[in-house]
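Working through the structure, step by step
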2 protein chains.
Amino acid sequence: MNETSRASERLVHVPLQGRAYDILIGPGLIERAGGEITSRLKGRRAAIVTDENVAPLYLEALMDSLQTDGIEAVSLTLPTGEKTKSLEHLSTVCDMVLSARIERNDAVIALGGGVIGDLAGFAAGIVRRGVRFVQIPTSLLAQVDSSVGGKTGINTRHGKNLLGVFHQPDLVLADTAALDTLSEREFRAGYAEVAKYGLIDQPDFFEWLEKNWKAVFSGEPERIEAIARSCQSKSDVVVEDERETGRRALLNLGHTFGHALEAAVEYDGKRLVHGEGVAIGMVLAYQFSARMNLASPDDASRVEAHLKAVGLPTRISDIPGELPPTQRLLDAIAQDKKVKSGKLTFILTHGIGQSFVADDVPSSEVLSFLDEKRSR
Amino acid sequence: MNETSRASERLVHVPLQGRAYDILIGPGLIERAGGEITSRLKGRRAAIVTDENVAPLYLEALMDSLQTDGIEAVSLTLPTGEKTKSLEHLSTVCDMVLSARIERNDAVIALGGGVIGDLAGFAAGIVRRGVRFVQIPTSLLAQVDSSVGGKTGINTRHGKNLLGVFHQPDLVLADTAALDTLSEREFRAGYAEVAKYGLIDQPDFFEWLEKNWKAVFSGEPERIEAIARSCQSKSDVVVEDERETGRRALLNLGHTFGHALEAAVEYDGKRLVHGEGVAIGMVLAYQFSARMNLASPDDASRVEAHLKAVGLPTRISDIPGELPPTQRLLDAIAQDKKVKSGKLTFILTHGIGQSFVADDVPSSEVLSFLDEKRSR
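The rules behind the values
Residues numbered from 1 in each chain as written. Chains lettered and ligands numbered in written order. Predicted model: local features only at pLDDT ≥ 70, side-chain atom pairs only at ≥ 80, totals over all residues. Heavy atoms only, no water. Disulfide = S-S within 2.5 Å. Buried < 20%, exposed > 50% of the residue type's maximum accessible area, 1.4 Å probe, protein only. Least-squares fit on C-alpha atoms with pLDDT ≥ 70 in both. Contact = heavy atoms within 4.5 Å. Salt bridge = Lys/Arg side-chain N within 4 Å of Asp/Glu carboxyl O. Helix = DSSP H or I, 4+ residues; strand = E, 2+ residues; numbered from the N terminus. Domains from an automatic or database assignment. Buried area = accessible area lost by both parts, 1.4 Å probe. Polar contact = N/O pair within 3.5 Å; in protein donor to acceptor, adjacent residues only side chain to side chain. Nonpolar A, V, L, I, M, F, W, Y, C, P; charged D, E, K, R; others polar. Phe/Tyr/Trp six-rings, centres within 6.5 Å; stacked < 30°, edge-to-face > 60°. Lys NZ or Arg CZ within 6 Å of the ring centre and 35° of its normal.

Comments concerning the state of the cysteines
Under the defined criterion, the tally for this structure stands at zero disulfides over all chains. Of all cysteine sulfurs, the one in Cys94(B) lies closest to Cys94(A), which takes part in no disulfide; the gap is 13 Å. Overall, Cys94(B) belongs to the buried group, its relative accessible area being 3%.

Listed below in structure tokens is the structure:
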């Protein structure tokens, strides 16, 4: 750590009652994780969960830092990829955490992207009915989205994230230096979630991104600024509605269409990764809102233009390969867990930064809209 | 249901913020579960979890009642016994609940004793990050203890209840008619937890039990009164300290010694069931408190006399068969999850109804005390 990196660091405080926590954003946080943890948590034991891509890059630095600050740590390295979010791996993680004799004040540490965070967070939420949890997200997607807010989970044969708990982290260390090792495609996919916060309720942030996105992609300080604003946005929503009984659903902007497209390619990351599905989904949400005369077509065009400029897919036809019939896409939407008592729930919009929850969208409209859109 | 049974019914309201719920206590509640559920919960689907002992007695009546009130229900009958609290069975339950397309406002219903309640409650807490949960406890132990308060869990090779969540029920239906099918031994074991509430902080209730225990054993209305007072006591403690960061630990009176004794017989229910361990444990806690000059030996004698009168074991030597060396009992105590950073935590007492948390009990004192006690 040097003075320059410390100076550029940002802190977002998530003021949840009784369980408030800090998100630190800046370069070099992995190397000084030990100090940040010991200054906030009482326990002196930790169980690190990571994956095969991330371990060779950052595990040693993290272990060294924990050791230096007197934290006794063990680690478990799991296969990379969505399939790791299984009951079998959850069982392995819990067994490792219990073997390490982690008590309530000790920590489970997730070092990796969203998959590792979701899995390790679930384990932290159920071992001894909840132990401390530290997120060290290493992907942009995880830094701006999944590491904040306490949603954890695994997949089952019935669908994604169908088992899980709300378990807030006690600390999030978003080391922006870790983003330098991401592929361009991965970074872009995470960027879709950054843009989402502007599109939900912050038109000024979306405008800022339209002007500054190249600097966000190339590095600090705009990158740190964009991540900090994203975390602040997510924190605001989560504090208001931790368990998604209302406003938190806005975070699903672009996700209902996006999940259906991910399901349509059978979660084949070569064809479509989550953030790309969200990018296309957000454009579709704006276009559908325009079609329903809720928003201006100009806003839909503006969203599409920006996401296209950064290199994200924005149309269904941008997805390589064949897609199933439109009715099957709709079925996937209806099966999504955000369905309430059979009605279709979508996040729609009145314009840039003016999104809202619509819970009675007619499926016939969605069907004809998708039929039209997939051909262009 | 007849007018007499309705008249004798009791309601305990648990005023947890945002998640308040009712406990109904009285005969015939299983037969009218449907009405009680539909008047409180929005969902019209339910997944019932029960076991092989309970299903033949009450499952049909419950299914009929749900159907009459328009609730579409499926059921899963599991083997009876502590081994059912496993990850494997949790997985089976979750799969069944997801197959039944239970959404957040629908309910998982636990019909059975503590094992079924702990397992089904855990599943209800993690499916879709939490669906509604109804407890229909059929043992005295579950009615006065495990069905109230939201602790759920399963066992692992590392110990009991090491994986779980806090997930409060939305409704508890304690059908006192179901207790008529319990064996005398099971009823007595549950009674130990009833007496516990008096010994924790309600000397008047303990005195009432000393006078009325025979009526509690033989049936209404004293039985209903005892269960209602127990549920009210537990509710008071849980509302004050839902996640056991302080006062809730008092509910562990008798449990630290009790768990060690259960472990010593390798959880062989033929030799010692949980409530019996708690009975001996409470006597030991009072005797140990007397030995430490914290309480009067007369109080310890009074506790022992009452529990003995109802037919519960009160001495280590009441446990049939050989026990391991005292040091191994102590090791079991130290491994108990209620250990904080290596110190021994016990619930001790200043007298009847004057229990408190002592978190720095010297293990040498415990060792010599146990050595002395096991020989008498």
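Digging into the relation of the copies chain B and chain A
Turning one copy of the chain about an axis and sliding it along that axis gives the other copy, so a rotation and a shift relate them. Superposition of chain B onto chain A requires a rotation of 180° combined with a translation of 0.0 Å along the rotation axis, giving an RMSD of 0.0 Å. On this basis, the relationship between the two copies can be described by a two-fold rotation axis. Relative to the rotation axis, the closest C-alpha in chain B is found at Val165(B), a distance of 4.1 Å. A symmetric contact is evident, with 100% of the interface residues of chain B recurring at the interface of chain A.

Here's the deal with the pattern of salt bridges
Residue and element names in this part refer to chain A. Applying the stated rule across the entire model yields 50 salt bridges over all chains. The closest approach of N and O atoms between Lys-160 and Glu-262, which form a salt bridge, is 3.7 Å. With Lys-160 in strand β8 (residues 159-163) and Glu-262 in helix α10 (residues 255-264), this residue pair connects regions lying 102 residues apart in the sequence.

What about the domain arrangement of chain A?
Residue and element names in this part refer to chain A. Domains assigned within chain A are domain 1 (3-182) and domain 2 (200-374). On a C-alpha basis, the centres of domain 1 and domain 2 stand 27 Å from each other. On inspection of domain 1 and its partner domain 2, the count reaches six salt bridges. A salt bridge links Asp-145 to Lys-234; the nearest nitrogen and oxygen atoms lie 2.7 Å apart. With six residues, helix α6 (residues 140-146) is the single largest residue contributor to the side of domain 1 that touches domain 2.

Quick notes on the interface of chain B and chain A
Counting from both sides, the interface comprises 33 residues of chain B and, opposite them, 34 residues of chain A. Three residues stand out in chain B for area buried against chain A, namely Leu98(B), Arg128(B) and Arg129(B), and they jointly supply 25% of the buried area on that side. In this structure, the connection of chain B to chain A is made through two salt bridges. Seen at the junction of chain B and chain A, the total is 14 residue pairs in polar contact (both at pLDDT 80 or more). Secondary structure elements with two or more residues in the side of chain B that touches chain A: α4 (87-99), α5 (114-126) and β8 (159-163) of chain B. Per element, the largest residue contribution to the side of chain B that touches chain A is six residues, and it comes from α4(B). Of the residues in the side of chain B that touches chain A, the class split is eleven nonpolar, ten polar and twelve charged.

Some thoughts on the environment of Glu225(A)
All names here are of chain A. Note on placement: Glu-225 falls in helix α9 (residues 222-240). The exposure class assigned to Glu-225 is partly exposed, which follows from its relative accessible area of 26%. Glu-225 sits 104 residues away from Gly-121 along the chain, and the two C-alpha atoms are 26 Å apart. Look past the residues within four positions of Glu-225 in its chain and what remains in contact with it is Arg-10 and Trp-208. Only 2.5 Å separates the side chain of Glu-225 from the side chain of Arg-10, close enough to count as a polar contact.

Side note on the packing of aromatic side chains
Aromatic ring pairs are defined here through the distance separating the ring centres and the angle between the ring planes. Scanning the entire structure with this criterion turns up 18 aromatic pairs over all chains. Arranged with centres 5.5 Å apart and planes meeting at 90°, the rings of Trp213(A) and Phe217(A) form a pair that is edge-to-face. With a gap of four residues between them, Trp213(A) and Phe217(A) both fall in helix α8 (residues 203-218), about one helical turn apart. In this structure, Trp213(A) and Phe217(A) share a single accessibility class: buried. On the numbers, 6.2 Å between centres and 35° between planes, the contact of Phe288(B) with Phe346(B) is tilted. Residue Phe288(B) is found in helix α11 (residues 274-291), and its partner Phe346(B) is found in strand β10 (residues 344-349); the two are separated by 58 residues along the sequence. Members of the aromatic cluster, each reached through a chain of ring pairs, are Phe187(A), Tyr191(A), Trp213(A) and Phe217(A). Between Arg129(A) and the ring centre of Phe166(B), over which it is positioned, the NZ or CZ distance is 5.9 Å.

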